[in-house]
Amino acid sequence: TPDNQTITYGANAPVFTYAVTGLLNGDTLVAQPTCTVAGAHSNAGTYTITCSGADAGGNYTLDQSATATLKVNKAQLTVMANDVTRPYGVANPVLTATVGGFVAGDTAATAYSGAALVTTTAGVSSTVGTYPITAAIGTLASTNYSFAFASGTLTIVSARTTINELQVSATKTLLTGTIKFKATLVSSETGAPVVGRVVTFSFSAPYGVPGVTQCRATTDAGGVAECTTPLTLAALIEALSLKSWAVFAGDANFLGSSIQRSNQL
């Protein structure tokens, strides 16, 4: 009677063993049987093991009709979601996965068909941070492999910003007046306006850095920040002799930026 055997796809064929029952008085077989599986048996599945060719001598009639089963289990492929990094406010790239664990000289082209379903919980408006990328079975199918899945990470980093179109103008009368500042804040990644952020306007201090704040404004739906400040004598002297600055300090989702221009009031 042949013994049942179990191997994993890609492993070497087992040594087929057997058991003999019914021999008496210490007798042994005159000829050992050959146990095998007829035909190809490398793919995952179940196959019948048979034995033949045994001889116990003239005192016995041998029954070699019993069979056993060779079970070839599927090998395992690991499907790992690939890590991705993108700026805040940008659409997710196409999410992909890498498949590994091939045996028996197989490749992706020969081992399976279809593709994994790769998803993430993060959307365009998700804030800076890390989010799981999950790989699932999707349309993957294989004769000889099962699939295990490992998650990846989507990292959202702060988006760069640009301040455009800094405008500075003065309205003067004999005794009073105002200085008006206006600038537009946009995402450098998408060109979209950055809404609801504070832009600070000032004139240059010594060494070419922003000086005393003249006014602040929050960007509107178009990314525009606009404010005015009284035109004092000191402010007028600064405005005529120095440069103007617009500065966005940045926050968790956007990196800061600034712009300066020569004043021509």
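Criteria and thresholds
Residues numbered from 1 in each chain as written. Predicted model: local features only at pLDDT ≥ 70, side-chain atom pairs only at ≥ 80, totals over all residues. Heavy atoms only, no water. Pairing = 2+ DSSP bridges. Helix = DSSP H or I, 4+ residues; strand = E, 2+ residues; numbered from the N terminus. Axes fitted to C-alpha atoms, helices over the stretch in contact; angles between N-to-C directions. Disulfide = S-S within 2.5 Å. Buried < 20%, exposed > 50% of the residue type's maximum accessible area, 1.4 Å probe, protein only. Contact = heavy atoms within 4.5 Å.

Draft legend 1. Fine view of the sheet that holds strand E7 (residues 97-100). Judged by pairing direction, the sheet is mixed, and its three strands sit side by side in the order E7-E5-E10 without closing on themselves. The open sheet has two free edges, formed respectively by E7 and strand E10 (145-150), since each of these has just one partner strand. Adjacent strand axes in the sheet meet at a mean angle of 25°, parallel and antiparallel pairs treated alike.

Draft legend 2. How the structure looks around the state of the cysteines. Summed over all chains, the structure comprises two disulfides. At a sulfur-sulfur separation of 1.9 Å, the disulfide partner of Cys35 is Cys51. Of note, the bridge from Cys35 to Cys51 carries an S-S torsion of about 105° and is right-handed in sense. Highlighted residues: Cys35 in strand E2 (residues 34-37) and Cys51 in strand E3 (residues 45-52), separated in sequence by 16 residues. Here the two residues Cys35 and Cys51 agree in accessibility, since each one is buried. Paired through a disulfide, Cys215 and Cys227 show a sulfur-sulfur distance of 2.0 Å. Across the disulfide from Cys215 to Cys227, rotation about the S-S bond amounts to roughly 65°, and the bridge is consequently right-handed. Residue Cys215 is located in strand E15 (residues 210-218), and its partner Cys227 is located in strand E16 (residues 224-230); the two are separated by 12 residues in the primary sequence. For the chain, the bonded cysteines pair up as 1-2, 3-4 when numbered in the order they occur along the sequence.

Draft legend 3. Geometry of the sheet that holds strand E4 (residues 68-73). One open sheet holds the four strands; their spatial order is E1-E4-E3-E2, and the pairing between them is mixed. Either end of the sheet is taken by a strand with one partner, and the two such strands are strand E1 (5-8) and E2. If you compare each strand with its neighbour and ignore which way they point, the axes differ by 25° on average. Bridging between E2 and E3 involves four bridges; their strand directions are antiparallel. Its bridge partner lying in E3, Thr36 is registered against Thr50.

Draft legend 4. Main features of the environment of Leu185. Note on placement: Leu185 falls in strand E13 (residues 177-187). Classification of Leu185 by relative accessible area gives buried; the value is 1%. For the pair Leu185 and Gly196, spaced 11 residues apart in sequence, the C-alpha to C-alpha distance is 10.0 Å. When near neighbours in sequence (up to four residues on either side) are disregarded, Leu185 contacts Thr161, Thr162, Ile163, Pro193, Val194, Arg197, Thr219, Gly223, Phe248 and Ser257.

Draft legend 5. Seen up close, the environment of Val103. Looking at where Val103 falls in the secondary structure, it is placed in the loop between E7 and helix H1 (108-111). In sequence terms Val103 and Leu77 are 26 residues apart; their C-alpha atoms lie 9.3 Å from each other. Apart from residues no more than four positions distant in its own chain, Val103 is found in contact with Tyr9, Gly10, Ala75 and Tyr145.

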